[in-house]
Amino acid sequence: MDEPQRSESTKSFDISKREVWRAYQKVKDNKGAPGVDKVSLEEFEKDLKNQLYRIWNRMSSGSYFPPPVKAVLIPKKGGVRTLGIPTIADRVAQTVVAERLGPRMEEIFHDDSYGYRPRRSAIDAVRVCRQRCWDHDWVIDLDVAKFFDTCPHDLILKAVEANTDQKWILLYVQRWLVAPMQLPDGSLQARDRGTPQGSAVSPCLANLFLHYAFDAWMARTWPSVAFERYVDDAVVHCSSQRQAVLVLASIAERMAEVGLKLHPTKTKVVYCRDSNRRGEHDNISFDFLGYTFRARAAVNKRTNTEFSSFAPAISRDKLIDKGRELRSWRMHRHVNDDLADLAEWINPIVRGWMTYWGHFHRAQMYGLLQRINAYLMRWACKKYRRLRSRKRLQVWWADLVARAPNLFAHWAWVRDCGLAFAGR
């Protein structure tokens with residue numbers, strides 16, 4: 001039964017129906033899996049008008065209570081990461097709040113905060129980090145241990161309260177923070193710390209919390225020390241090893257003050273070793289936002305001489321991860337598809353890899369992209385018996401690339417099949 005229609009002006013809280021509609025549009029654009037109610041976006045849209053009305057009606061009257069968050073375990077190096085997936089309706093409600101807080105947050109945020117902000121990206125952070133690594137000899141590679149699982153609720157709420165006079169925003173943020181997590185076995189886990197990674201409002205809350213916990217504190221305590229932060233991933237630049245050690249100790253104390261801990265092995269001081277900086281140190285590389293920064297061969301275009309530059313390229317962990325993803329496609333088994341079908345399937349994915357990791361030293365990706373060619377040739381051998389001769393396969397490949405050079409996105413960089421035959 002539909003809820004009774006009431007005027008927006010009679011509600012306890014001033015939330016417009018247009019805000020709810022815009023929030024739904026963002027949720028739709030982001031897609032995503034169903035939550036604990038198992039309602040997909042497609043099912044949600046079958047009764048869209050009433051679904052959105054119910055969200056608006058409950059939020060504007062103060063009676064909106066979020067359902068549990070679905071826990072999804074994602075394997076990662078050294079363990080698993082727990083993502084929290086809210087229901088579609090809850091994602092819409094969370095987006096309403098995130099959109100309200102966004103403009104205010106942009107007024108106060110530090111210039112070197114890059115995560116989930118308009119007109120800023122992870123690549124912007126990597127680019128600035130690269131330049132500062134050239135300008136500074138030392139880096140602190142910061143890793144906050146289990147940030148999304150451990151950030152204190154009271155400090156998150158304090159940060160929110162300082163940036164809004166809307167009581168309903170604080171009310172719903174508090175309810176989202178304590179909403180239980182439904183584990184894969186169906187049991188409910190109470191939460192008294194953290195904000196689920198994967199929810200629509202978590203990036204907003206994480207950024208706001210870390211603005212006070214880290215950015216503003218750094219600006220006050222170490223005003224001459226530059227850094228880049230992308231949510232809980234941060235790099236700090238120092239002029240000397242002594243300064244780096246002092247700043248790291250100070251940051252560790254600050255994290256303890258706000259209820260967080262630095263990861264004891266992943267947090268480290270790094271020497272930006274290159275042709276001009278040849279000192280010794282245990283750590284001469286670090287990872288940031290999927291890129292590994294280390295000494296790499298480069299060429300001075302003015303003098304045409306080789307030198308070593310401290311620069312980023314796709315990290316080994318990401319290459320391994322994408323290699324596993326590529327292998328999981330079992331592309332060579334799709335013999336009922338034609339080349340156009342394969343291109344339509346893999347091009348958006350591969351183009352995304354190239355777009356992100358192709359900004360710096362993209363040649364590090366060539367081996368990965370060449371493996372795609374190997375799988376394509378395996379596919380051709382299985383689909384066409386006549387191509388099981390190596391010579392015929394080579395002729396077919398050369399003809400295909402000549403006829404349709406833009407068929408596959410990665411052919412813009414890697415078309416040859418020399419190394420690919422080794423994987424056949």
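(A) Local environment of the overall build of the chain. Helix and strand counts for the chain stand at 14 helices and 11 strands. Expressed as lengths along the three principal axes of its C-alpha atoms, the size of the chain is roughly 75 × 60 × 40 Å. Each of the 424 residues in the chain was classed as buried or not, and the buried ones make up 46%. When the accessible area of the chain is evaluated, it comes to approximately 21900 Å², of which 49% is carbon and sulfur surface. In the chain, the 68 positive side-chain charges and the 48 negative ones have mean positions that sit 7 Å from each other.

(B) Region of interest: the packing of aromatic side chains. Counted under the stated rule, the structure contains 24 aromatic pairs. Here the aromatic residues Tyr 64, Trp 168, Tyr 172 and Trp 176 are joined through ring pairs into a cluster of three or more. The ring of Tyr 114 has Arg 120 lying over it, and the distance from NZ or CZ to the ring centre is 5.5 Å. The ring of Tyr 384 has Arg 386 sitting right over it, with the charged end atom 5.6 Å from the ring centre.

(C) Local environment of helix α12 (residues 339-357). For α12, which comprises 19 residues, the first-to-last C-alpha distance of 25 Å matches the rise-based estimate of 27 Å (1.5 Å per residue) to within 8%. Approximately 40° is the largest bend angle found in α12, and it occurs at Ile 346, with the proline Pro 348 only one to four residues beyond. Buried residues of α12: Leu 339, Leu 342, Ala 343, Ile 346, Asn 347, Val 350, Trp 353, Met 354 and Trp 357, and no others. Packed against the buried residues of α12 are β10 (291-300), β11 (305-314), α11 (316-328), α13 (366-383) and α14 (390-403). Two or three places before Ala 340, at the start of α12, stands the capping residue Asp 338, its side-chain oxygen 3.2 Å from that residue's backbone nitrogen.

(D) Local environment of the sheet that holds strand β9 (residues 286-288). Spatial strand order, β9-β10-β11: three strands in an open sheet with antiparallel pairing. Each edge of the open sheet carries a strand with a single partner, namely β9 and β11. On average, adjacent strands in this sheet sit at an angle of 50° to one another, irrespective of strand direction. As defined by bridge partners, β10 adjoins β11 across 10 bridges and the pair is classed as antiparallel. Directly across from Ala 297, in β11, lies its bridge partner Ser 308. Along the sheet, helix α5 (residues 122-135) makes contact with β9, β10 and β11, crossing β10 at roughly 60°.

(E) Structural detail: the nonpolar core. Judged by nonpolar contacts, the single largest core of 120 residues is most densely connected at Met 59, Val 236, Ile 251 and Phe 286. By residue number, the principal contributor to this core is helix α9 (residues 202-221), which donates 10 residues. When near neighbours in sequence (up to four residues on either side) are disregarded, Met 59 contacts Phe 13, Ile 15, Tyr 64, Ala 93, Val 96, Val 97, Trp 168 and Tyr 172.

(F) Looking closely at empty space enclosed by the protein. If you walk through the whole model with that rule in mind, you get two cavities of 30 Å³ or more. Space inside the largest cavity adds up to approximately 80 Å³. Every residue along the wall of the largest cavity is listed here: Leu 142, Asp 143, Val 144, Leu 210, Phe 214, Arg 229, Val 231, Asp 232, Asp 233, Ala 234 and Met 255. At the level of secondary structure, the elements contributing two or more residues to the lining of the largest cavity comprise β3 (138-143), α9 and β7 (233-238). Counted by class, the lining of the largest cavity contains seven nonpolar, no polar and four charged residues. Its volume calculated, the second largest cavity comes out at about 60 Å³. Among the secondary structure elements, those contributing two or more residues to the lining of the second largest cavity are α4 (88-108), α8 (167-178) and α9. Per-class residue counts for the lining of the second largest cavity are seven nonpolar, four polar and one charged.

(G) Highlighting the packing of helix α1 (residues 17-30) against α4. In contact at an axis separation of 8 Å, α1 and α4 are set at 115° when each is read in the N-to-C sense. Between α1 and α4, the angle falls in the class roughly perpendicular. Like other packed secondary-structure pairs, α1 and α4 cross with a definite hand, here right-handed. Where α1 approaches α4, its residues Glu 19, Val 20, Ala 23, Tyr 24, Lys 26 and Val 27 are matched on the opposing element by Ile 88, Arg 91, Val 92, Thr 95, Val 96, Glu 99 and Arg 100. Counted by class, the contact of α1 with α4 contains seven nonpolar, one polar and five charged residues.

(H) Spatial organisation of the packing of helix α7 (residues 153-161) against α8. Two numbers describe how α7 lies on α8: the axes approach to 10 Å, and their chain directions differ by 160°. By the angle between their axes, α7 is roughly antiparallel relative to α8. For the element pair α7 and α8, the recorded crossing hand is right-handed. Residue-level contacts link His 153, Ile 156, Leu 157, Val 160 and Glu 161 of α7 to Ile 169, Leu 170, Val 173, Gln 174, Leu 177 and Val 178 of α8.

(I) Local environment of a positive patch on the surface. There is a patch of like positive charges on the surface, built from Arg 324, Arg 327, Arg 330, Arg 333, Arg 371, Lys 382, Arg 385 and Arg 388. Secondary structure elements with two or more residues in the positive patch: α11 and α13. With respect to the helices, strands and loops of the structure, Arg 333 is situated in the loop between α11 and α12.

How each quantity is defined
- Residues numbered from 1 in each chain as written.
- Predicted model: local features only at pLDDT ≥ 70, side-chain atom pairs only at ≥ 80, totals over all residues.
- Heavy atoms only, no water.
- Helix = DSSP H or I, 4+ residues; strand = E, 2+ residues; numbered from the N terminus.
- Buried < 20%, exposed > 50% of the residue type's maximum accessible area, 1.4 Å probe, protein only.
- Areas by Shrake-Rupley, 256 points an atom, 1.4 Å probe, with all protein chains shown as cover.
- Lys, Arg positive; Asp, Glu negative; His and termini not counted.
- Charge placed at Lys NZ, Arg CZ, Asp CG, Glu CD.
- Phe/Tyr/Trp six-rings, centres within 6.5 Å; stacked < 30°, edge-to-face > 60°.
- Lys NZ or Arg CZ within 6 Å of the ring centre and 35° of its normal.
- Expected span 1.5 Å × (residues − 1).
- Bend = angle between axes of the 7 residues up to and from the residue.
- Contact = heavy atoms within 4.5 Å.
- Polar contact = N/O pair within 3.5 Å; in protein donor to acceptor, adjacent residues only side chain to side chain.
- Pairing = 2+ DSSP bridges.
- Axes fitted to C-alpha atoms, helices over the stretch in contact; angles between N-to-C directions.
- Core = buried A, V, L, I, M, F, W, Y, C linked by side-chain atoms within 4.5 Å.
- 1 Å grid on protein atoms, 1.4 Å probe; cavity = no way out; pocket = protein on both sides within 12 Å on 5 of 7 lines; lining within 4 Å.
- Points joined across faces, edges and corners; volume = space filled by probe spheres on them.
- Nonpolar A, V, L, I, M, F, W, Y, C, P; charged D, E, K, R; others polar.
- Parallel < 35°, antiparallel > 145°, perpendicular 65-115°, else oblique.
- Left-handed = near helix turned anticlockwise from the far one by under 90°.
- Patch = residues over 30% accessible without salt bridge, like charges linked within 9 Å, V, L, I, M, F, W, Y side chains within 5 Å.
- Salt bridge = Lys/Arg side-chain N within 4 Å of Asp/Glu carboxyl O.

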